[in-house]
Amino acid sequence: MRKVTAALFASVDGVVEAPNLFQFDHFDADMGPVMMTALAKQDTVILGRRTYEEWSDYWPQAPAEDGFAAYINPITKWVASRTLSAPLAWNNSHLIQGDAVEFVRNLKGGEGGEINVAGSPTLVRALLLGGVLDTLTLMVHPVVAGSGLRRLFHDDDPTTRLILVDHLITRSGNALLTYSLRP
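Bear in mind that the values here come from a model prediction, so they are computed numbers and not experimental data.

A.B. asks: What is the right way to look at the nonpolar core in this model?
C.D. replies: The tendency in soluble globular proteins is for nonpolar side chains to be buried as a group. Formed by 27 residues in total, the largest nonpolar core has its most connected members in Ile 46, Val 117, Val 124, Leu 127, Leu 133 and Leu 136. Of all the secondary structure elements, the ones that give two or more residues to this core are β1 (4–11), α4 (100–108), β5 (114–118), α5 (121–129), β6 (135–141) and β8 (175–181). Aside from chain neighbours lying at most four places away, what touches Ile 46 is Trp 78, Ile 96, Val 104, Leu 107, Ile 115, Asn 116, Val 117, Ala 118 and Leu 123. Counting residues in each nonpolar core, the second largest holds 17 residues, with Leu 39, Ala 62, Ala 69 and Trp 90 among its members.

Following this line, the structure appears as structure tokens:
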């Protein structure tokens, strides 16, 4: 069975949207190697519509020597959207037909490497609460982002127990916290 993972940049107050507005100087040298090691295990990426639209405008034109561009452009990408229509323009991108949680559950049962849910906080939340996500890494930056930005969880979400399976504190104070669902 394939492993489904997600990693999100977050602020101390729980914001997971637009990390470029709060990361500032806290994306440090300790984070890069951790992220690249995780990416090396993956052969499939799941994206939500918003992340797909933002990334498909930027990454196909990014410099080839950019490590993330070299990873994201050739990899198989599945996009969860009710508004986009096939075919998708970005190389190796496919539209998920039907329920995204069930699609990822079925994909997880197939052959291949790890499946990464990139960005896409709404989709990450649905996969975690649907019991499909194996690990969630929150890369918490030591900053309060403030109001007006999206958080991962909602006030009406059910109580969901997690287990801390790994952690790292970087030199600039980021807390990389990896959780799985408690059985």
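A.B. asks: Can you walk me through the sheet that holds β8 in this structure?
C.D. replies: The strands making up a sheet associate through backbone hydrogen bonding, with each pair oriented either parallel or antiparallel. Pairing is mixed across the open sheet formed by eight strands, whose spatial order is β4-β3-β2-β5-β1-β6-β8-β7. Across the chains shown, the open sheet's two edge strands, defined by having one partner strand only, are β4 (93–95) and β7 (162–169). Shown here is a sheet whose adjacent strand axes are inclined to one another by a mean of 25 degrees, direction ignored. Looking at chain direction, β1 and β5 are connected through four bridges and run parallel.

A.B. asks: What should I look at first to understand α5 in this one?
C.D. replies: Because an α-helix packs 3.6 residues into every turn, residues spaced three or four apart end up facing the same way. Listed in full, the buried residues belonging to α5 are Pro 121, Leu 123, Val 124, Arg 125, Leu 127 and Leu 128. In the stretch just after α5, Gly 131 is the one whose phi turns positive, near 80 degrees.

A.B. asks: What should I look at first to understand the pairing of β8 in this one?
C.D. replies: Note on strand geometry: in a regular strand, side chains alternate between the two faces of the sheet. Counting buried positions along β8 yields five of seven residues, so the element is predominantly enclosed. Sheet topology places β6 next to β8; five bridges connect them, and they run antiparallel. By the bridge assignment, Thr 137 is partnered in β8 with Thr 178. Pairing of β7 with β8, which is carried by seven bridges, proceeds in the antiparallel orientation. If you follow Ile 163 over to β8, its bridge partner there is Ser 180. Between β7 and β8, which pair antiparallel one after the other, the connecting turn spans five residues, and Gly 173 there sits at a positive phi close to 95 degrees.

A.B. asks: Please clarify how the pattern of salt bridges should be interpreted in this entry.
C.D. replies: Oppositely charged side chains may form a pair once their charged atoms are brought near each other. This structure, assessed with the given rule, holds seven salt bridges. The shortest N-O distance in the salt bridge between Arg 105 and Glu 102 comes to 3.2 Å. Here Arg 105 and its partner Glu 102 are both found in helix α4, three residues apart, which amounts to about one turn of the helix. Put simply, Asp 134 and Lys 108 hold a salt bridge, and the shortest N to O gap is 2.9 Å. In this pair, Asp 134 sits in the loop between α5 and β6 while Lys 108 sits in helix α4, placing the two residues 26 residues apart along the sequence. Take Asp 134: its relative accessible area is 24%, and that puts it in the partly exposed class. Accessibility expressed as a relative area gives 9% for Lys 108, which makes it buried.

Criteria and thresholds
The numbering scheme is per chain: residues are counted from 1 as the chain's sequence reads. It should be noted that, the model being predicted, local features are given only for residues of pLDDT at least 70 and side-chain atom pairs only at 80 or more, the latter also being counted only at that level, while totals for whole chains, interfaces and linings use all residues. By convention in this description, side-chain values take in all heavy atoms of the structure and omit both hydrogens and water. Definition of nonpolar core: a set of buried residues of the types Ala, Val, Leu, Ile, Met, Phe, Trp, Tyr and Cys, connected through side-chain atoms within 4.5 Å. Residue burial is assigned from relative accessible area. The probe radius is 1.4 Å, only protein chains are included, and a residue is buried under 20% of its type maximum, exposed over 50%, and partly exposed in between. Numbering of helices and strands runs from the N terminus, with a helix taken as a DSSP run of H or I at least four residues long and a strand as a DSSP run of E at least two residues long. Two residues form a contact once any of their heavy atoms are found within 4.5 Å. Strand pairing is assigned whenever DSSP detects at least two bridges linking the two strands. As a rule, the C-alpha atoms of each element are fitted with a line to give its axis, helices using only the stretch in contact, and angles between N-to-C directions run from 0 to 180 degrees. Any carboxyl oxygen of Asp or Glu within 4 Å of a side-chain nitrogen of Lys or Arg constitutes a salt bridge here.

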